[in-house]
Each structure stands twice: as C-alpha cells, then as structure tokens.
Amino acid sequence: MLNRGEKGPMVFEPDFLEITAGDRVRFVPTHKSHNAATVEGMVPEGVEGFKSRINDELETGFDKPGFYGIKCSPHYGMGMVMLIKVGDATLPQSYRTVDMPARAKPRFEELFERAEK
Ligand SMILES: [Cu+2]
C-alpha cells in the first residue's frame, strides 16, 4: 500500500495478482494510514472476506478459486483498489455492477480487462 505509485496517488502495488488456490498474500502498509479489505459483492460465494486494521500488516490465505476485489477502506473514494484472481476462474458479471465510488470504477474496469486476457 503506497501513497503514490506508478499509477498515481493511493495505490496497491501490484494491483493485480494471479495466484493458486491455497496461496497466501501479505498486504504491507509501506506508507501509513492504509488497510486492505474485501469489497462487498466481490468475493467468491461463501467467502466471508476480511478487513485489516489501518497500518497493520495482514497475511491471509486464498483458498477458494475466484476473484477477490480488495480496497483500502479510507481511500476507496480515491480509487485505491486491487484485484486478485485465484485459480481458474471466470469473472462474474455481477462484479461489474457493484456499487462503488466514482474513482474506484475505472480502476476496477481496467483490472477486469487485464484479468480476462
Ligand atoms: Cu489507503
């Protein structure tokens, strides 16, 4: 989690991960006042999701294949999001219609495009 990265202010780097079911991901608040939380409506069915505390590092496993939309809670409005693809999965259409801040939308759309390549 960075205050500024290659794509501008308030970013996850990397902002797209393709991993295998069972892999673990560590979210590191390199800069202060960030966290990592799953976006409602953007986790595979039956997955509870997670939310780290601001400034706390979080390592968590991704066991269920599918797509996980991740946001930084305080900077969601600034478009601070990322996407994780776990295993072999097709992006559910419903992810495209999730209600979200105006600046998060174009970033997610770009991530969806990358995920479908
Ligand atoms: Cu943030």
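1. Quick word on the side chain of Lys85
Step number 1: Tracing the chain through its elements places Lys85 in strand E8 (residues 81-86).
Step number 2: By relative accessible area, Lys85 is classed as buried at 11%.
Step number 3: Sequence-distant contacts of Lys85, that is, excluding residues within four places in its chain, are made with Phe16, Leu17, Glu18, Ile19, Gly66, Phe67 and Ala115.

2. Quick look at the packing of aromatic side chains
Aromatic ring pairs are described here by two measures, namely the spacing of the ring centres and the angle between the planes.
Step number 1: Within the structure shown, the criterion is met by 4 aromatic pairs.
Step number 2: Judged by centre distance (5.9 Å) and plane angle (85 degrees), the ring pair of Phe50 and Phe62 falls under edge-to-face. Highlighted residues: Phe50 in the loop between strand E5 (37-38) and strand E6 (58-61) and Phe62 in the loop between E6 and strand E7 (66-71), separated in sequence by 12 residues. Summarising the burial analysis for this pair, Phe50 and Phe62 share the class buried.

3. Observations concerning unusual backbone geometry
Step number 1: The linkage connecting Glu13 with the following residue, Pro14, adopts the cis geometry, with an omega of -5 degrees.
Step number 2: Locating Pro14 in the fold gives a position in the loop between strand E2 (8-11) and strand E3 (16-19).
Step number 3: Although it is not a glycine, Ser33 adopts a positive phi angle of roughly 65 degrees.
Step number 4: Position of Ser33 among the secondary structure elements: in the loop between strand E4 (24-27) and E5.
Step number 5: One non-glycine residue, Asn55, lies in positive phi territory at about 75 degrees.
Step number 6: Relative to the helices and strands, Asn55 is located in the loop between E5 and E6.

Parameters and conventions
- Residues numbered from 1 in each chain as written.
- Predicted model: local features only at pLDDT ≥ 70, side-chain atom pairs only at ≥ 80, totals over all residues.
- Heavy atoms only, no water.
- Helix = DSSP H or I, 4+ residues; strand = E, 2+ residues; numbered from the N terminus.
- Buried < 20%, exposed > 50% of the residue type's maximum accessible area, 1.4 Å probe, protein only.
- Contact = heavy atoms within 4.5 Å.
- Phe/Tyr/Trp six-rings, centres within 6.5 Å; stacked < 30°, edge-to-face > 60°.

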